[in-house]
Amino acid sequence: MTASTRAKPWNPYIAGALAGLLLVLSVWITGKYFGASTTFVRAAGMVEQTVAAERVAAMPYFKKEAPKVDWQWMFVVGIVLGSCAASVASGTFRVQAVPDRFAARFGPGTGKRFGVAFLGGAVAMFGARLADG
Amino acid sequence: MELIFGLITGVLFGILLQRSEVIRYDRQLGALLLQDMTIVKFMLTTILVGMVGVYLLVDLGLAKLAVKPLILGGTVLGGLIFGAGWGLLGYCPGTSGGALGEGRLDALAGIAGMLVGAGLFAEAYPLLKTTVLTWGDYGKLTLPQLMGQHRWVLIPWFCVLGYAFLRWLHKRGL
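Just so we're clear, the structure is a prediction, and the values are computed from it rather than from any experiment. (Residues numbered from 1 in each chain as written. Chains lettered and ligands numbered in written order. Predicted model: local features only at pLDDT ≥ 70, side-chain atom pairs only at ≥ 80, totals over all residues. Heavy atoms only, no water.)

On to the state of the cysteines, then. Enumeration according to the criterion identifies zero disulfides over all chains in this entry. There is no disulfide at Cys84 of chain A, and the cysteine sulfur nearest it, in Cys92 of chain B, is 19 Å away. (Disulfide = S-S within 2.5 Å.)

Across all of its chains, the model carries 14 aromatic pairs over all chains by this definition. With a centroid separation of 5.8 Å and an interplanar angle of 35°, the aromatic rings of Phe82 of chain B and Trp86 of chain B are classed as tilted. Remark: Trp86 of chain B and Phe82 of chain B occur in helix 4 (residues 72-89); sequence separation between them is four residues, near one turn of the helix. Neither residue differs from the other here; Phe82 of chain B and Trp86 of chain B are each classed as buried. Members of the aromatic cluster, each reached through a chain of ring pairs, are Phe34, Trp71 and Phe75 of chain A together with Phe13 of chain B. For the cation-ring pair, Arg113 of chain A lies above Phe102 of chain A, with the distance from its terminal atom to the ring centre recorded as 5.1 Å. (Phe/Tyr/Trp six-rings, centres within 6.5 Å; stacked < 30°, edge-to-face > 60°. Helix = DSSP H or I, 4+ residues; strand = E, 2+ residues; numbered from the N terminus. Buried < 20%, exposed > 50% of the residue type's maximum accessible area, 1.4 Å probe, protein only. Lys NZ or Arg CZ within 6 Å of the ring centre and 35° of its normal.)

In this section: the interface of chain B and chain A. Contacts between the two partners involve 90 residues from chain B, matched on the other side by 84 residues from chain A. Carbon and sulfur atoms supply 74% of the area buried between chain B and chain A, which totals about 7,200 Å² over both sides. Of all residues in chain B, Leu16, Arg19 and Phe121 of chain B give up the largest surface area on contact with chain A, accounting jointly for 9% of the area buried on that side. Inspection of the chain B/chain A interface yields four salt bridges. The partner of Glu2 of chain B in a salt bridge is Lys32 of chain A, and the shortest N-O contact between them spans 3.6 Å. Looking at the side of chain B that touches chain A, the elements that each hand over two or more residues are helix 1 (2-19), helix 2 (25-32), helix 3 (38-59), helix 4, helix 5 (93-101), helix 6 (106-130) and helix 8 (151-171) of chain B. In terms of residue count, helix 6 of chain B provides more of the side of chain B that touches chain A than any other element does, 20 residues in total. In terms of residue class, the side of chain B that touches chain A is made up of 48 nonpolar, 29 polar and 13 charged. (Contact = heavy atoms within 4.5 Å. Buried area = accessible area lost by both parts, 1.4 Å probe. Salt bridge = Lys/Arg side-chain N within 4 Å of Asp/Glu carboxyl O. Nonpolar A, V, L, I, M, F, W, Y, C, P; charged D, E, K, R; others polar.)

To continue, consider the domain arrangement of chain A. All names here are of chain A. Segmenting chain A into domains produces domain 1 (2-95) and domain 2 (96-133). The C-alpha-based centres of domain 1 and domain 2 are spaced at 19 Å. Contact with domain 1, which involves eight residues of that partner, is made by seven residues of domain 2. When domain 1 packs against domain 2, close to 590 Å² is buried across both sides, 41% of that on carbon and sulfur atoms. Across the contact surface, domain 1 and domain 2 share two salt bridges. Note that Arg129 is salt-bridged to Glu65, the shortest N-O span being 3.9 Å. Top contributing element to the side of domain 1 that touches domain 2 by residue count: helix 3 (residues 37-58), with four residues. Grouping the constituent residues of the side of domain 1 that touches domain 2 by class yields four nonpolar, two polar and two charged. (Domains from an automatic or database assignment.)

This is how it looks when you write it as structure tokens:
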């Protein structure tokens, strides 16, 4: 009983309104708007730099979005940590490789889920950057 | 200092995302299948509160808008491609980090894929910049500019329409 009451999700309107206030405070204090996808460009550049530093330095897109840690990079790291802390504190942290809905439709295979997730991630990020999102 | 603010803001945002369950694969797929509108409720409320608050700050001279250019080629094609990938992955770039934080290992595969996608985009950028990203370029444009109305005329309307839409979702049990 305790577990189910502790795991009850927050009202999405209240959580969404608080996220809106957080955004307004962020814009006020640091002038930063929320985003995440640019961070994946910077991180990809950082990974590529380890094998081909000169090539990365010459690429126009990595000149535009330099491979370095910035406000948004730390924002994304914060999301991981905040989610981890909140899930552990509320008893909803759960190590799971295949989401329930995916398993119900496509079976419990980890390899299939990871393959689809990897492909989906690559396609989604390419689209996000093309749309400048 | 800026990095610390980024981290703190991310932690608070991550708590809100996790406790309202909007980072779950099942919820994101539920939204794409128009069966569970939890993330739409969260996002629309965030947008409405953010719209009012940010424009107040702008009018008080305390903040600047960060308007991105409207390039139809990039936005329409990129949106379609993003949607296809989102449907496969079931997390968006920000929520994949949140999903990893609450123990969802498939988010790691998604993050690896996103790094590859970002790298591929960087390779394709010089070509895209002279083609797709020149199609339908209207420059930096806001809805008040586009509609020729003062922002404080439009903002109450957006709030009313947003509220009506959320009530409609609520009545339909979504």
